[in-house]
Amino acid sequence: MHNQNDKLTQPLFMPFVILRNKKLNPKQRLVLAWILQYEPYRADGQELAVLIGGTPRTALQAVRELKTAGYIVEIGNDGRGKTYKTVEGRLING
């Protein structure tokens, strides 16, 4: 049986293209790298809040901002949450 926070104890891979992107704030960079690492990723406000050291509202706001900016796309909504994946070309081109 896995603990909900098992992913939070694993190292986070931060690609250089995300790290050097000056258009993103630090919270957006963390969330984007997280979605990239665990895609397809169903947005979990509590999990992302622990990751960024903020509130679930702030974490989900970062997800919405990334979606609006075109870094991620919604690929599903099962009624319990939305699932996202990154847009490869957008990551490279910033």
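Up top is the structure.
Note that the structure is predicted; figures quoted are calculated from it, not measured. (Residues numbered from 1 in each chain as written. Predicted model: local features only at pLDDT ≥ 70, side-chain atom pairs only at ≥ 80, totals over all residues. Heavy atoms only, no water.)

Peer 1: I'd like to hear about the nonpolar core, residue by residue, with values.
Peer 2: Residues Val31, Leu32, Leu48, Leu66 and Ile72 are the most contacted members of the largest nonpolar core, which totals 19 residues. Those elements that place two or more of their residues in this core are helix H2 (26-37), helix H3 (45-52) and helix H4 (56-69). When residues in this core are grouped by element, the largest group, five residues, is from H2. (Core = buried A, V, L, I, M, F, W, Y, C linked by side-chain atoms within 4.5 Å. Buried < 20%, exposed > 50% of the residue type's maximum accessible area, 1.4 Å probe, protein only. Helix = DSSP H or I, 4+ residues; strand = E, 2+ residues; numbered from the N terminus.)

Peer 1: So what's going on with the packing of aromatic side chains? Which residues, and what values?
Peer 2: In total, this model carries one aromatic pair according to the counting rule given. Plain terms: the ring middles of Trp34 and Tyr38 are 4.7 Å apart, the flat faces sit at 50 degrees to each other, and that makes the pair tilted. Given a relative accessible area of 2%, Trp34 falls into the buried group. (Phe/Tyr/Trp six-rings, centres within 6.5 Å; stacked < 30°, edge-to-face > 60°.)

Peer 1: Give me the environment of Leu12: which residues, what numbers.
Peer 2: Within the secondary structure, Leu12 sits in the segment before helix H1 (16-19). For Leu12, the residues in contact, after removing those within four places along its chain, are Leu30, Ala33, Trp34, Gln37 and Leu51. (Contact = heavy atoms within 4.5 Å.)

Peer 1: Tell me about the packing of H2 against H3, residues and numbers included.
Peer 2: Packing of H2 against H3 leaves a shortest axis separation of 10 Å and a crossing angle of 125 degrees. By the angle between their directions, the pair H2 and H3 is classed as oblique. Helix-helix and strand crossings are classified by hand; for H2 and H3 the assignment is right-handed. Here H2 contributes Lys27, Leu30, Val31 and Trp34 to the contact with H3, which in turn contributes Glu47, Leu48, Leu51 and Ile52. (Axes fitted to C-alpha atoms, helices over the stretch in contact; angles between N-to-C directions. Parallel < 35°, antiparallel > 145°, perpendicular 65-115°, else oblique. Left-handed = near helix turned anticlockwise from the far one by under 90°.)

Peer 1: Pulling in residues and values, what's your account of the pairing of strand S2 (residues 72-77)?
Peer 2: Strand direction decides the pairing type here: S2 and strand S3 (residues 82-86), joined by five bridges, are antiparallel. Directly across from Val73, in S3, lies its bridge partner Lys85. Two successive antiparallel strands, S2 and S3, enclose a turn made up of four residues, where Gly79 displays a positive phi of approximately 90 degrees. (Pairing = 2+ DSSP bridges.)

Peer 1: Would you mind going over the sheet that holds S3 in detail, with residue names and values included?
Peer 2: The strand order across the open sheet built from three strands is S1-S3-S2, with neighbouring strands paired in antiparallel fashion. Two strands in the sheet have a free side with no partner beyond their single neighbour: strand S1 (41-42) and S2. Pairing between S1 and S3: two bridges, direction antiparallel. From the neighbouring strand, Arg42 faces S3, where its bridge partner is Thr83.

Peer 1: So what's going on with unusual backbone geometry? Which residues, and what values?
Peer 2: Most peptide bonds take the trans form, and the phi angle of most residues other than glycine is negative. Here Glu39 and Pro40 are connected by a cis peptide whose omega angle stands at -5 degrees. As for its placement among the helices and strands, Pro40 is situated in the loop between H2 and S1.

Peer 1: Summarise H4; cite the residues concerned and give the values.
Peer 2: Compared with the 20 Å implied by 1.5 Å per residue over 14 residues, the 20 Å span of H4 between its first and last C-alpha is a close match. When we look at burial in H4, the residues that qualify are Ala59, Ala62, Val63 and Leu66. Down the axis of H4, the sector holding all buried residues measures 100 degrees, keeping them to one side. Relative to its buried face, H4 has exposed residues pointing more than 90 degrees away, namely Arg57 and Thr68. Among the structural elements, H2, H3, S2 and S3 are those in contact with the buried residues of H4. Taken from the residues just after H4, Gly70 is the one with a positive phi, measuring 90 degrees. (Expected span 1.5 Å × (residues − 1). Arc of directions from axis to C-beta.)

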